[in-house]
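Listed below, chain by chain, are the residues.
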Amino acid sequence: MDDVIGHRLSRALFAARPAPWAWQCVFAAVLAIALLLMAAGGALSSLDSWLGLAGLIGAVTTLLTPLVPWQRIPRAFVCAVPVLDIVALGVAGLDVAGWALAPLMLLPVVWCAVELRLRGAVIATVATLLLYVLPALVHETRGGATLAWSLLVPIAAAGISFAFASVLDAVEVERRQLAGARETIDRQQRFADAILDTVDVGLLLLDRDGAYQTMNRRHRDFMQLAFPDGHAGHAGQLGLVYGEDGSTLLTREEMPSYRASQGEEFDDARMWVGDDPLTWRALSVSARSVRDEQGRFAGAALAYKDVTDFMRALRVKDEFVASVSHELRTPLTSIRGYVDILLERHDLPAEAQAQLEVVARNGERLNRLVADLLHTARAEGSMKVVRTRQDLGDIVRASVEAAAPAAQAAGIALELDAPASLVTLVDGQRIAQSVDNLISNAIKYTPSGGKVEVRLAVDGGRIEICVADSGIGIQAADRDRLFMRFFRARHAEEQSVQGLGLGLGIARTIVESHGGRIDVESELGRGSVFRIRLPVSGDDVAQPVVQRDPAEA
Ligand code: ADP
């Protein structure tokens, strides 16, 4: 506790560093009061006593101190004033009554230490030694006891002054370290600001309550577009922030800053900011949580990447794809129609019949591709589905039967495990499209000799359609992006398996439009399992009616 008080006093002294006249005024005032009190008590017999001389020295020193131009002479000379004060007190000590003034020594002793630290402490100690001990040695009226008393003063002076000097030194070291650390922090802060301002990505840091902590220049530009009337600096404020379609305003819960402030982590959340088509920008936002040492949520960092050119190119591409696919459809429909008419004839040679079947199959494939392209170009996240009572058992069985020739040609065993009937509310055509896609992928990405298993079951209140293969598998890094438009896994590209990278994205849109999910588990080189899960509870979905195959019973 004393240590703390001493330390605080030293810090205050160090910080304030009083002027010499202020020190001296305090000393003179205390000395004058002490002398007056002693005079009042009858301790002063006459002015020519030692005490009178001490008072005179104190008074002269006090008068002279403000007259010295201390700024122009080295500060060390200031010590002359406290030394003169010690002289005054030493002179007073020659009188028996003057001993009462010995505690006043504290002030000049501390002053010396404050001015010159260890050197000041040495000066104060030597001065008190000379002025208290020497007179006690030579004064004929002093005995051994007085000498012992006289020694106490320099000992106390040494203790106090050295203690002050060392604490002040420590304070100075601490102050220097603090100043150094502050300078380093300032420098690092300037570096960090410069780096943050250099990058072409908007960066934002939120604290645990969602308050904006810091942002770079780029993000300030985005904020100007999104919040032209200003921003209160808290996550979730609504502004000119639109979804990926560029027309639906985001709600508070959809705002990336709000989601991040709730501890959500995400990538590539797309949005548009601003409402002027000339200046608005499309942003792709990623968020990561910041955690403290205990792993608790402490804030979030968000990166806003400008993807305007990409989004515009995507739109142009979609329009192009849509118009090309549309143009392809008309001649394709005519080709398929005429091939069907030809195939119905019975007078064709067997060879021509087989060749026409190839044309029909490829025409069918081309038709599916064009349909996929059209859908991809037009689809905006969800899809309109028309649910009616459908037998999923029939749907899955039909998909497997349709894929059987392709599986056989590829040397792959195709197996089905499904109940005879599983009736529920779905958009039959769309679900069939998804299952077709999963099965055709499984066959496409499984080498000859492999196996594809299709399973339909009701599992824990959900319908599960599972397509498992023993094929090439998908590496972990690609798994998250499989369902993105035009994405193709590196492994598939390397093995030159043909495809556009659209089927899975469409399958996911279909399944999600039914309120379901599609997941994948896979291991490179060992195969993949794709699972469609559809809800069976809820008002709008019929409870499935499962009928096992009578042959199994
Ligand atoms: P496509 O098959 O036309 O390329 P998809 O969207 O159906 O497009 O599939 C996207 C990518 O996912 C494929 O290119 C392939 O890399 C990977 N993939 C899909 N199914 C499988 C599977 N069963 N085994 C291995 N990779 C697969």
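Residues numbered from 1 in each chain as written. Predicted model: local features only at pLDDT ≥ 70, side-chain atom pairs only at ≥ 80, totals over all residues. Heavy atoms only, no water.

Asker: How do you make sense of unusual backbone geometry when you look at a structure like this?
Answerer: Outside of glycine, negative phi angles account for most residues, and trans bonds account for most peptide bonds. One non-glycine residue, R117, adopts positive backbone phi at about 55°. Mapped onto the fold, R117 is located in helix α5 (residues 106-138). Relative accessible area serves as the criterion here: at 14%, R117 is assigned to the buried category. Notably, D268 is not glycine yet its phi reads approximately 55°, a positive angle. (Helix = DSSP H or I, 4+ residues; strand = E, 2+ residues; numbered from the N terminus. Buried < 20%, exposed > 50% of the residue type's maximum accessible area, 1.4 Å probe, protein only.)

Asker: Help me understand the sheet that holds strand β3 (residues 241-242), please; the structure alone is not making it clear to me.
Answerer: Paired through their backbone hydrogen bonds, the strands of a sheet run either parallel or antiparallel. Read across the sheet, six strands follow the order β2-β1-β6-β5-β4-β3 without closing on themselves; strand pairing throughout is antiparallel. Two strands close off the open sheet at either side, each with one partner strand: β2 (212-215) and β3. Sheet topology note: the strand β1 (residues 201-207)/β2 ladder contains three bridges and is antiparallel. What sits directly across from L206, in β2, is Y212. Its contacts with the sheet place helix α7 (residues 217-226) against β1, β2, β3, β4 (266-273), β5 (281-291) and β6 (297-306), and it is angled at close to 85° to β1. Across the sheet, helix α9 (residues 308-344) lies against β4, β5 and β6, angled at about 80° from β4, the strand it touches most. (Pairing = 2+ DSSP bridges. Contact = heavy atoms within 4.5 Å. Axes fitted to C-alpha atoms, helices over the stretch in contact; angles between N-to-C directions.)

Asker: How should I be thinking about helix α11 (residues 392-410) in this particular structure?
Answerer: Along an α-helix, residues three or four positions apart point the same way, because every turn accommodates 3.6 residues. The first and last C-alpha atoms of α11 sit 26 Å apart over 19 residues, in line with the 27 Å expected at 1.5 Å per residue. At A404, α11 shows its strongest bend, of approximately 40°, with the proline P405 following within four residues. Residues of α11 that are buried: L392, G393, I395, V396, S399, V400, A403 and A407. (Expected span 1.5 Å × (residues − 1). Bend = angle between axes of the 7 residues up to and from the residue.)

Asker: I'm lost on the pattern of salt bridges in this one. Help?
Answerer: Here the idea is simple: oppositely charged side chains can pair when their charged atoms come close. Overall, the coordinates contain 24 salt bridges when judged by the stated rule. The salt bridge involving E464 is made with R455; its shortest N-O contact spans 3.4 Å. For E464, a relative accessible area of 5% gives the class buried. You can call R455 partly exposed: its relative accessible area is 35%. One salt-bridge network, held together by shared partners, links R455, E464, R517, D519, E521, R531 and R533. (Salt bridge = Lys/Arg side-chain N within 4 Å of Asp/Glu carboxyl O.)

Asker: Explain the site of the ligand to me, please; I cannot follow it from the model alone.
Answerer: Taken together, 22 residues lie near the ligand, and N441, Y445, D469, R488 and L504 sit nearest. Contact distances for the ligand include 2.9 Å between a nitrogen atom and a side-chain N or O atom of D469. Within the contact set of the ligand, an oxygen atom lies 2.7 Å away from a side-chain nitrogen or oxygen of R488. Here the ligand, which alone exposes 530 Å², has 97% of that area covered by the protein. Looking at the shell around the ligand, the elements that each hand over two or more residues are α12 (428-444), α15 (503-513) and β13 (527-535). It is α12 that contributes the most residues to the shell around the ligand, four residues altogether. Classifying every residue of the shell around the ligand gives 12 nonpolar, seven polar and three charged. (Near = heavy atom within 4 Å. Polar contact = N/O pair within 3.5 Å; in protein donor to acceptor, adjacent residues only side chain to side chain. Areas by Shrake-Rupley, 256 points an atom, 1.4 Å probe, with all protein chains shown as cover. Nonpolar A, V, L, I, M, F, W, Y, C, P; charged D, E, K, R; others polar.)

Asker: Would you mind showing me how to read the confidence of the model for the chain here?
Answerer: Close inspection of predicted coordinates is inappropriate for parts of the model with low pLDDT. Per-residue pLDDT for the chain has a mean of 85; in total, 90% of the residues score no lower than 70. Of the regions scoring below 50 in pLDDT, residues 537-543 engages in 15 contacts with residues more than four places distant in sequence or in other chains. In this model residues 549-553 is a low-confidence stretch, pLDDT under 50, and it forms three contacts with partners more than four residues away in sequence or in other chains. (pLDDT = per-residue confidence, 0-100.)

Asker: It is not clear to me how the packing of α11 against α12 should be interpreted in this structure. Could you clarify?
Answerer: When two helices pack together, their arrangement is captured by the angle between the axes and the distance separating the axes. Contact geometry for α11 and α12: axes closest at 9 Å, N-to-C directions at 30°. As far as their axial angle goes, α12 and α11 are roughly parallel. Relative to α12, α11 is oriented so that their crossing is right-handed. Residues L392, I395, S399, V400, A403, A406, A407 and A410 of α11 pack against G428, I431, A432, V435, D436, I439 and I443 of α12. (Parallel < 35°, antiparallel > 145°, perpendicular 65-115°, else oblique. Left-handed = near helix turned anticlockwise from the far one by under 90°.)

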